[in-house]
Amino acid sequence: LLLKLDQSIKKRPIYMEQKELRLAKLRRQLLQLISEEEHFAILGALLDEYRSFNTDSAFYVAEEREQIAMRLGNREYIDNARMNKADVLGMTGMYKEAMDLMRNIHAERLSKNLRPYYYHIYRTIYAVTKYERKLYTELTDKYRDSLLLVNKDNLLIHTLIQSDQYNVRNEYDKAICLLTDYLAQQKEYEHDVAICAYT
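Quick caveat: nothing in here was measured; it's all calculated off a predicted structure.

**Re the overall build of the protein**
Within the protein, the regular secondary structure consists of 12 helices and zero strands. Counting helices and strands in the order they occur from the N terminus, the protein gives α-α-α-α-α-α-α-α-α-α-α-α. Taken over C-alpha atoms, the radius of gyration comes to 18 Å for the protein, in line with the 16 Å a tight globule of 199 residues would show. If one aligns the C-alpha atoms of the protein with their principal axes, the spans along those axes are about 50 × 45 × 30 Å. Taken over 199 residues, the protein has a buried fraction of 37%. Residue pairs in contact within the protein that sit at least 24 positions apart in sequence constitute 44% of those at least 6 positions apart. Surface accessibility of the protein: about 12900 Å² in total, with carbon and sulfur atoms responsible for 54%. Of the charged side chains in the protein, 30 are positive and 30 negative, and the gap between their average positions amounts to 2 Å.

Written out as structure tokens, the structure reads:
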């Protein structure tokens with residue numbers, strides 16, 4: 001495993017080039033004559049690329065999405081963009097700012113597609129440090145349970161949340177079994193495999 005890790009690290013320039021190519025392709029798409037809705041969707045794909053790569057750029061893209069959503073007057077787009085901002089703020093340790101944004105978003109008005117994201121952000125923010133974990137254990141469990149309910153049809157997300165629940169309860173063997181079973185079935189999506197391996 002360490003040899004494989006060393007080999008992967010040596011390939012960093014290749015991975016960086018691949019990432020830059022994907023980013024450039026999406027940025028070119030934004031320059032085309034497209035509708036505001038298409039612009040919003042492409043910015044979503046760009047945000048996904050930036051999220052774990054460059055949080056400054058991710059936040060800038062989230063702000064751009066919010067501006068488009070406001071121009072369109074689309075409530076769902078606005079909530080989505082604001083959750084994008086909260087997500088990035090949480091990743092950078094700005095938990096208060098993230099929570100301030102999330103307090104103005106109400107789960108009951110979100111579509112079925114956005115609800116899992118809503119619960120994911122809350123669960124992530126409430127489980128960031130040991131101190132906060134103690135303070136917010138009940139809330140974290142509540143949002144984890146909600147995530148399991150709304151993600152019954154999404155095998156990857158359901159598997160990750162369930163394994164997270166096992167980890168919290170120190171049931172590591174169950175978590176490993178669950179993730180191993182998932183990996184045995186799903187091998188074609190590299191990113192999914194990476195997330196499961198990390199978990």
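Back to the text.
**A look at the nonpolar core**
A general tendency of soluble globular proteins is for nonpolar side chains to be buried together. Formed by 22 residues in total, the largest nonpolar core has its most connected members in M83, M102, Y118, I121 and Y122. Among the secondary structure elements, those contributing two or more residues to this core are α5 (75-91), α6 (95-102), α7 (115-126) and α9 (137-150). A per-element tally of this core places α7 first, with seven residues. Among all residues touching M102, those that are not within four sequence positions of it are M83, A86, Y118, I121 and Y122.

**Section: a nonpolar patch on the surface**
There is a patch of nonpolar side chains on the surface, built from L2, L5 and I9 and spanning about 330 Å² of accessible area. For I9, the location among the structural elements is in helix α1 (residues 2-10).

**Here we look at the pattern of salt bridges**
Per the counting criterion, the structure on display carries 13 salt bridges. The shortest N-O distance in the salt bridge between R123 and D164 comes to 2.7 Å. You can see R123 sitting in helix α7 and its partner D164 sitting in helix α10 (residues 155-168), a full 41 residues away along the chain. A single salt-bridge network, built from bridges that share partners, covers K19, R22 and E49.

Reading the values: the criteria
Residues numbered from 1 in each chain as written. Predicted model: local features only at pLDDT ≥ 70, side-chain atom pairs only at ≥ 80, totals over all residues. Heavy atoms only, no water. Helix = DSSP H or I, 4+ residues; strand = E, 2+ residues; numbered from the N terminus. Rg over C-alpha atoms; globule rule 2.2 N^0.38 Å. Buried < 20%, exposed > 50% of the residue type's maximum accessible area, 1.4 Å probe, protein only. Contact = heavy atoms within 4.5 Å. Areas by Shrake-Rupley, 256 points an atom, 1.4 Å probe, with all protein chains shown as cover. Lys, Arg positive; Asp, Glu negative; His and termini not counted. Charge placed at Lys NZ, Arg CZ, Asp CG, Glu CD. Core = buried A, V, L, I, M, F, W, Y, C linked by side-chain atoms within 4.5 Å. Patch = residues over 30% accessible without salt bridge, like charges linked within 9 Å, V, L, I, M, F, W, Y side chains within 5 Å. Salt bridge = Lys/Arg side-chain N within 4 Å of Asp/Glu carboxyl O.

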